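Residues per chain are reported as follows:
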Amino acid sequence: MDFAVSNRPLEKSKADALVVLLGKKNDLPQALPSATREQISQFTKAGDFNASKGQLVWLHAPQDLNADRLLLVGTGDSPLSDQGWLSLVHKATKTLASSPVKQAMWLLDDTHTQTLEWQVREGSRVVEESTYRFDNYRSKPAPASNLAKLTFWHAEKDATLTKAHKTGKAVGLGVNVARDLGNLPPNDCYPEYLSGVARDLGKEYEKLTVKVLSQAQAEKMGMGAFHAVAKGSERQGQIIVMEYKGAKPTKQGPVALVGKGITFDTGGISLKPGATMDEMKYDMGGAASVFGSVKTVCELDLPIHLVAVVAAAENMPDGRAARPGDIVKTLSGQTVEILNTDAEGRLVLCDALTYVQQKHKPHTVIDIATLTGACVVALGAHAQAVYSNDDDLSEALLAAGKETGDRGWPMPLWDEYQGQLDSPFADMQNIGGPKAGSITAACFLSRFTKEVKWAHLDIAGTAWTSGGMSKGATGRPVPMLTRYLMDNA
Ligand code: BES
Ligand code: MN
Ligand code: ZN
């Protein structure tokens, strides 16, 4: 999608459609010519449009405008929340994309609580996301949408808006990269495939270097927990390291992202039930969000130093797979009794977390993982769980999520939960029993991040949506992560 901003007189601005948001209690925008406003009023009086929230109505041949049609979007009778506004943008884009409209113009809304800059930035992102399609696996893909260009219109010139639509588009691009990876079937998207994705990014962007540790190298180095998961599959596990140098490295060190990249989670010997097991192809959603974020960072050429690590493996039941009862030694030296092979995410992550600290000395580490079903029970699809050993980091992530509509919610890491991980045979066990499953998983990871500012995002509920034909990867939390990086790194 091409984006632009314009403040040329509306009467002279050529467009196939002009999109106008209208509230029940608001006056019609003064920017519209009076003849057009009169026409909308009559349309409303006739009962064709009442501005109720989510109502979308076409009005053809608007008077005194150089646009072929209006798309009237109702915002209801109270001011829209950010989330409500973004979902209207999504809805309106879907309608535009399935119409003959090629060039649309969007009248920015002075009555909305958010700034014009926010409207353009998050609006562009949502438009980019709303035109996403995943149909490489269909023999006859649906015909492409006509919609090619969206121009944001406002009477006053505002220099920040050009940057805003570039930022929004780049974040949308990153979200869509993450969605593609999450949607790919697990027979095609396996650990070595993800290494290829990283290498391709490394070729595309000069400031990005890529290094991959093979499963054998990881084992030799001492990543016993990662290896215990990876060895149960025919597909070779991979530790993928991407380093982006958009700024000179400083004494402070880089910021690090670490993603869970389980390309398929059968549960291993602790086999999962069959129903909806297909969805476990998105168990690399954390890794996908790391790739998506790297894409956005590179596109925007951000002046930061970032290290991104993906712990990629396939969790399979096999003659060589780990058994419940196995004890393994992690790269940190701590030992873990594997009581349930389905709690594999924390096993691959703990070694990746130790690795990035040993090799890159980051000042901050954020891991992202579809870690627990318990998190889906606790927060559902609307917020990712945010855990941290540092209040400023936690607040920064929550703020970044609020700003982008990619929300998180804080969760505790109190010492009292740690006892659930005590093992009679090793330094710890990999499960904490039926209570507080998302928290005890985070507590497990906290034992590998004692010396660094660290946050953990459990995205099991947010990285995927499962409503019939709209089932698929969401690309979350790329908006939260990239906003955090733009504001803090
Ligand atoms: N990948 C799953 C978590 C998950 C479940 C993500 C549902 C998305 C949707 C993870 O590896 C897992 O299986 N966790 C177990 C942990 C348990 C064995 C302690 C779980 O949540 O059941
Ligand atoms: Mn599992
Ligand atoms: Zn898993």
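For the structure itself, consult the block above.
These numbers come from a predicted model, not from an experiment.

Chemist: Explanation requested: the sheet that holds strand S3 (residues 56–60) in the structure shown.
Modeler: Two orientations exist for strands paired in a sheet by backbone hydrogen bonds: parallel and antiparallel. Strand order in the open sheet formed by six strands is S1-S6-S5-S2-S4-S3, with mixed pairing between adjacent strands. The open sheet terminates on both sides in strands that have one partner only, identified here as strand S1 (2–6) and S3. This sheet shows a mean twist of 25 degrees between the axes of neighbouring strands, independent of strand direction. Alignment of S1 against strand S6 (residues 149–153), held across five bridges, turns out to be parallel. For Phe3, the partnering residue across the bridge sits in S6 and is Leu150. In the packing of helix H3 (residues 116–130) onto the sheet, the strands contacted are S1 and S6, and the crossing angle to S6 comes to about 160 degrees. Docked against the sheet, helix H4 (residues 160–183) engages S1 and S6, running at close to 160 degrees with respect to S1.

Chemist: Looking at this structure, how should I read the coordination of the manganese ion (ligand 2)?
Modeler: When four donors bind a metal tetrahedrally, each ideal donor-metal-donor angle is 109.5 degrees, and when six bind octahedrally, the ideal angles are 90 or 180 degrees. Protein ligation of the manganese ion (ligand 2) involves Asp265 (OD), Asp342 (O), Asp342 (OD) and Glu344 (OE), the donor distances falling in the range 2.1 to 2.2 Å. The site at the manganese ion (ligand 2) holds six donor atoms, and with the angles between them running 70 to 169 degrees, its shape is irregular. The sequence pattern describing where the donors of the manganese ion (ligand 2) fall on their chain is D-x76-D-x1-E. Between the manganese ion (ligand 2) and the zinc ion (ligand 3) the interatomic distance comes to 3.1 Å, and Asp265 is a ligand of both metals. Of this pair, Asp265 sits in strand S9 (residues 255–265) while Glu344 is found in the loop between strand S12 (335–337) and helix H9 (345–360), placing the two residues 79 residues apart along the sequence. Under the relative-accessibility criterion, Glu344 is labelled buried at 1%.

Chemist: What am I meant to see in the pairing of strand S4 (residues 67–74) here?
Modeler: The buried fraction of S4 is high, at seven of eight residues. Bridge analysis of strand S2 (residues 15–22) against S4 gives seven bridges, and the strand direction is parallel. Looking across to S4, one finds that Val19 is bridged to Leu71. The pairing of S3 with S4 spans five bridges and is antiparallel. Its bridge partner lying in S4, Leu56 is registered against Val73. Taking the residues between adjacent antiparallel strands as the criterion, S3 and S4 are bridged by six residues, where Ala61 takes a positive phi near 50 degrees.

So, how was this worked out
Residues numbered from 1 in each chain as written. Chains lettered and ligands numbered in written order. Predicted model: local features only at pLDDT ≥ 70, side-chain atom pairs only at ≥ 80, totals over all residues. Heavy atoms only, no water. Pairing = 2+ DSSP bridges. Helix = DSSP H or I, 4+ residues; strand = E, 2+ residues; numbered from the N terminus. Axes fitted to C-alpha atoms, helices over the stretch in contact; angles between N-to-C directions. Contact = heavy atoms within 4.5 Å. Donors = N, O, S within 2.8 Å, 3.2 Å for Na, K, Ca; no water. Tetrahedral: all angles 85-135°; square planar, octahedral: opposite > 155°, others 65-115°. Buried < 20%, exposed > 50% of the residue type's maximum accessible area, 1.4 Å probe, protein only.

None of the figures reported here should be taken as evidence of function without further support.
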